[in-house]
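Residue-level listing of the chains:
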Amino acid sequence: MTAATAVAARAAAPVEATPRPPTPRAVVGKVVWVLAVVLISLTTVMPLVWTLSTSLKPESEILSSYLQLLPSTPTLQNYLALFTDGPFGRYLANSAIIALGGVATNLFFGGLAGYALAKLSFRGRGVVFGMFLGSMMVPGIITMVPTFLVLRHFPLAGGNDLFGEGGTGFINSYGAVLIPFAAGPFAVFFMRQFFQALPDELGDAARIDGASEFRIFWSVYLPLARAGLAVLGVLTFQAGWNSFLWPLIALNDPQMLTVQVGLAGYVNEYQTEYGPLLAGTILASLPVLVVFVLAQRYIVENFAHSGTK
Amino acid sequence: MSATSAPVRATPVSATRRQQTISAWVFLAVPVVLFAVFLLLPVVMAIGLSLTDYSVIGDFEWVGLDNYARIVDDPIFWVAVRNTALYTALYVPAGLLVALGTALLLNRSTRTARVFRTLFYIPVVSSTVATAAIWFWLLNPQYGLLNAVLGWFGIDGPAWLYDSQWAMVAIVMMSVWAGFGANMIIYLGALQGVPGELVDAARVDGAGTFRVFWHVTRPAISRATFLILTLLLIAAFQVFDQAYVLTKGGPGNSTLTLVYYIYDRGFGRLEMGYASALSFVLFLAILVFSVANARVTGRENDR
């Protein structure tokens, strides 16, 4: 660790302005730095590359040449097996519906509420904001059992009567995962921070022109918050696509499983059949990886800001 | 950051204000209702449930504090506590040091550093389930990459997930790998705020690299350290996905964590009353450790 810290601390030092021929010490430092970052990135990237490579190998090759990075006879049979042997396509569709639905509701309601907390003056604003902020500290585990019961006994849903008896409520429907997280406190908080940075005068001017409050939000402020909405959208998509414990509890009908829950089942089911398991892993990771690569600049920068403020 | 101080307006104040108040509550309606139904109500229900023997099927009775008394005498609960404590003791320091080390390494504004930042971040993007599936393969005693690499150095790797001595260590390694990128980014943000003049001045005074780090950099990023410690602690206390996917709590209960135990009681055996009591005990533990962390790490921030 000490060697790494020393190198790292040197990296932290500002670059000298005067160009001088590099000293032997600086050259060694540079080489050590490159070696260190290459080694670390190998540990972060290699497992994924190896997973991809294994998922493209035929069954006979997986164990016999497990260290060979490039498959000698690449095949898509593991991927095809996922769709022919089980409802993997259905899992992907379920996850897509849940993740995209969550993005839509969180952007809209989070934006609306965040705007109200940032730009409208009314009594109780501080209390509501504190309430949302505080709720982010409550661990999910504590509300897990009661939330299940609330959804199961929701009046007039899923065959329930007015008193929430008789049916299964929202359990085993998309609503069980979509409704409780439709407007999370994080979305409200995130959008409030974003709107607060925009000037009040824009709204005041529109107000004098007689625009309604919703119009001011929708046509004046929301277009200016596009960057924030994009980041929130990506983060919400990732959280929705990757979530595990709650879908595991609320959706147990085989046709309703999300891709993560389905994949977790495969780890046990395919104990020795790594091909389909790792093909499923690639498919389960692909959407978030693609979204991340497209948006990575915004995400990494914005994340850095939210951490320090 | 004064959220409550309303700006003074010259326009007909009362009409605008009334209009704004109505609009604000309409805009806030959905999140507030969801907050009430899926957070406030469940917390109150959890308190009530923890005082009953509710188990979905059949009648249930008020049992007072019996569930809590039962926890104290529950040997499996203490196994879960021990496992969670072990996980926390390994994961929190490792997660913090790796995040800090990599952030210091990449704290330069070159294009190369930015590329590596993305490469380091990649594991964060994948879900814990996908990560666990990948590690399930990496950790295979015979055909896994990890033991193959250890073999190059003449080390005979353990059976990892099949060995009760090593299973938790394997889960910690996987979790650090999967999560350090996010905290690295927070540290990178904080390192931008370290005053360069101070670092230069310390160097001119002849301070070595480590002393500059300890006396200049470390205090300047203490706020980020506090945030990361809090996030790591809360995550460590609630570890579940990895243990569920990789080991199902085994072998021999060696990776049975508290959240896993609560899940198993509540949704496996449907003892929802007992599970609620267990979750309150966990909540209390998180609260105590968060407050202690705020006292110890947070105090440095006020200096």
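What counts, and at which threshold
Residues numbered from 1 in each chain as written. Chains lettered and ligands numbered in written order. Predicted model: local features only at pLDDT ≥ 70, side-chain atom pairs only at ≥ 80, totals over all residues. Heavy atoms only, no water. Helix = DSSP H or I, 4+ residues; strand = E, 2+ residues; numbered from the N terminus. Expected span 1.5 Å × (residues − 1). Buried < 20%, exposed > 50% of the residue type's maximum accessible area, 1.4 Å probe, protein only. Contact = heavy atoms within 4.5 Å. Buried area = accessible area lost by both parts, 1.4 Å probe. Salt bridge = Lys/Arg side-chain N within 4 Å of Asp/Glu carboxyl O. Polar contact = N/O pair within 3.5 Å; in protein donor to acceptor, adjacent residues only side chain to side chain. UniProt positions renumbered as here; feature names shortened; annotations may be inferred. Domains from an automatic or database assignment. Nonpolar A, V, L, I, M, F, W, Y, C, P; charged D, E, K, R; others polar. Axes fitted to C-alpha atoms, helices over the stretch in contact; angles between N-to-C directions. Parallel < 35°, antiparallel > 145°, perpendicular 65-115°, else oblique. Left-handed = near helix turned anticlockwise from the far one by under 90°. Phe/Tyr/Trp six-rings, centres within 6.5 Å; stacked < 30°, edge-to-face > 60°. Lys NZ or Arg CZ within 6 Å of the ring centre and 35° of its normal. pLDDT = per-residue confidence, 0-100. Patch = residues over 30% accessible without salt bridge, like charges linked within 9 Å, V, L, I, M, F, W, Y side chains within 5 Å. Areas by Shrake-Rupley, 256 points an atom, 1.4 Å probe, with all protein chains shown as cover. Lys, Arg positive; Asp, Glu negative; His and termini not counted. Charge placed at Lys NZ, Arg CZ, Asp CG, Glu CD.

Visitor: Got a minute to help me understand helix α4 (residues 111-125) of chain B in this structure?
Guide: One turn of the α-helix equals 3.6 residues, which is why residues spaced by three or four share an orientation. End to end, α4 of chain B covers 21 Å across 15 residues, agreeing with the expected 21 Å (1.5 Å per residue, within 8%). Buried within α4 of chain B we find A113, F116, R117, T118, F120, Y121, I122, P123 and V125 of chain B.

Visitor: Explanation requested: the interface of chain A and chain B in the structure shown.
Guide: Size of an interface, as often reported, equals the accessible area lost when the parts are brought together. On the side of chain B, 96 residues touch chain A, which itself brings 103 residues to the contact. Summing both sides of the interface, chain A and chain B together bury roughly 9,100 Å²; the carbon and sulfur share of this comes to 77%. On the surface where chain A and chain B come into contact, there are zero salt bridges. Along the contact surface separating chain A from chain B lie eight residue pairs in polar contact (both at pLDDT 80 or more). Here the element with the most residues in the side of chain A that touches chain B is helix α15 (residues 274-308) of chain A; it accounts for 16 residues.

Visitor: Before we go on, may I ask you to explain the UniProt feature "transmembrane region" (unreviewed entry) in chain B in this structure?
Guide: All names here are of chain B. Mapped onto this numbering, the UniProt entry annotates "transmembrane region" (unreviewed entry) at residues 24-49, 85-106, 118-138, 166-188, 220-240 and 274-294. Across residues 85-106, the secondary structure splits into 100% helix and 0% strand, with the terminal C-alpha atoms separated by 31 Å. Segment residues 166-188 splits into 96% helix and 0% strand. End C-alpha atoms: 32 Å apart.

Visitor: How should I be thinking about the environment of A36 of chain B in this particular structure?
Guide: All names here are of chain B. Here A36 is to be found in helix α1 (residues 13-49). Separated by 23 residues in the primary sequence, A36 and D59 have C-alpha atoms spaced 27 Å apart. With sequence-adjacent residues up to four places away left out, A36 is seen in contact with L41 and P42.

Visitor: I tried to follow unusual backbone geometry on my own but got confused; where do I start?
Guide: Trans is the prevailing form of peptide bonds, just as negative phi is the prevailing case for residues other than glycine. Positive phi outside glycine occurs at N172 of chain A, with the angle close to 65 degrees. Given the relative accessible area of 26%, N172 of chain A is considered partly exposed.

Visitor: Can you help me understand the domain arrangement of chain A in this one?
Guide: Residue and element names in this part refer to chain A. Considered domain by domain, chain A is made up of domain 1 (46-75) and domain 2 (82-308). Computed from C-alpha coordinates alone, the two centres of domain 1 and domain 2 are separated by 35 Å. With seven residues of domain 1 at the interface, the matching set in domain 2 holds six residues. Buried area between domain 1 and domain 2, both sides added, is near 590 Å², and the carbon and sulfur share of it is 86%. Counting across the domain 1 and domain 2 interface gives zero salt bridges. When residues of the side of domain 1 that touches domain 2 are traced back to their parent elements, those giving at least two are α2 (24-55) and α3 (59-64). Top element by residues in the side of domain 1 that touches domain 2 is α2. It accounts for five residues. Residues that form the side of domain 1 that touches domain 2 fall into these classes: four nonpolar, three polar and no charged.

Visitor: Just checking my understanding: could you explain the packing of α2 of chain A against helix α3 (residues 75-106) of chain B for this structure?
Guide: Packed helices, taken two at a time, are described by their axes: the angle between them and the distance between them. Axis separation between α2 of chain A and α3 of chain B bottoms out at 11 Å; the angle between their running directions is 130 degrees. Overall, the two elements α2 of chain A and α3 of chain B adopt an arrangement that is oblique. Handedness of the α2 of chain A/α3 of chain B crossing: left-handed. Within the contact between the two elements, α2 of chain A uses W33, A36, V37 and I40 of chain A and α3 of chain B uses T102, L105 and L106 of chain B. Its residues assigned to classes, the contact of α2 of chain A with α3 of chain B comprises six nonpolar, one polar and no charged.

Visitor: Is there a simple way to think about the UniProt feature "domain: ABC transmembrane type-1" (unreviewed entry) in chain B in this case?
Guide: Here the UniProt feature "domain: ABC transmembrane type-1" (unreviewed entry) sits at residues 81-293 of chain B. Annotation note: span residues 81-293 of chain B, helix share 76%, strand share 0%, distance between end C-alpha atoms 19 Å.

Visitor: I tried to follow the packing of aromatic side chains on my own but got confused; where do I start?
Guide: Within a pair of aromatic rings, the relevant descriptors are the distance that separates the centres and the angle that separates the planes. This model, assessed by the stated rule, comprises 47 aromatic pairs over all chains. Plain terms: the ring middles of F129 of chain A and F189 of chain A are 6.1 Å apart, the flat faces sit at 20 degrees to each other, and that makes the pair stacked. Of this pair, F129 of chain A sits in helix α6 (residues 125-135) while F189 of chain A sits in helix α9 (residues 185-196), and the two are 60 residues apart along the sequence. Relative accessible area serves as the criterion here: at 24%, F189 of chain A is assigned to the partly exposed category. Ring-pair connections join several aromatic residues into one group, and the members of that group are F108, F109, Y115, F195, F214, F217, W218 and Y221 of chain A together with F27 of chain B. Seen from the ring of W214 of chain B, R218 of chain B lies directly overhead, with NZ or CZ sitting 4.0 Å from the centre. The aromatic ring of Y244 of chain B is capped on one face by K248 of chain B, whose charged end is 3.7 Å from the ring centroid.

Visitor: Just checking my understanding: could you explain the pattern of salt bridges for this structure?
Guide: A complete count under the given rule lists six salt bridges over all chains for this structure. Residue E271 of chain B pairs with R70 of chain B through a salt bridge whose shortest N-O separation is 3.0 Å. Here the residue E271 of chain B occupies a position in the loop between α12 (258-268) and α13 (272-302), and R70 of chain B occupies one in helix α2 (residues 66-72), the gap between them amounting to 201 residues. Relative accessible area serves as the criterion here: at 37%, R70 of chain B is assigned to the partly exposed category. The partner of R265 of chain B in a salt bridge is E271 of chain B, and the shortest N-O contact between them spans 3.0 Å. By relative accessible area, R265 of chain B is classed as buried at 9%. Salt bridges here are not isolated pairs; linked through shared partners, they connect D204, R207 and E213 of chain A.

Visitor: When you look at the environment of A80 of chain B in this model, what are you seeing that I'm missing?
Guide: Residues and elements named next belong to chain B. Among the structural elements, A80 can be located in helix α3. On the basis of relative accessible area, A80 is assigned to the buried category, the value being 0%. On a C-alpha basis, the gap between A80 and G249 in space is 9.4 Å, while along the polypeptide they are 169 residues apart. In this structure, A80 is in contact with L256, T257, L258 and Y261, ignoring residues within four places of it in sequence.

Visitor: What's the story with the UniProt feature "transmembrane region" (unreviewed entry) in chain A in this structure? I'm lost.
Guide: Residues and elements named next belong to chain A. The positions that UniProt labels "transmembrane region" (unreviewed entry) are, in the present scheme, residues 27-50, 92-115, 127-151, 171-195, 216-237 and 274-295. End C-alpha atoms of residues 27-50 are separated by 33 Å, and the span's content is 100% helix alongside 0% strand. What you have in residues 216-237 is 82% helix and 0% strand, and the ends, taken at the C-alpha atoms, are 27 Å apart.

Visitor: Which parts of the structure should I look at to understand the confidence of the model for chain B?
Guide: If pLDDT is low for a region, its predicted coordinates should not be looked at in detail. Across chain B, the average pLDDT comes to 87, with 94% of residues at or above 70. Across chain B, element-level confidence peaks in α3 of chain B with a mean pLDDT of 95 and bottoms out in α13 of chain B with 84.

Visitor: Mind showing me how you'd approach a negative patch on the surface here?
Guide: Residue and element names in this part refer to chain A. There is a patch of like negative charges on the surface, built from E59, D85, E269 and E273. Structurally, E269 is set in helix α14 (residues 259-269). Here E269 falls in the exposed class, since its relative accessible area comes to 58%.

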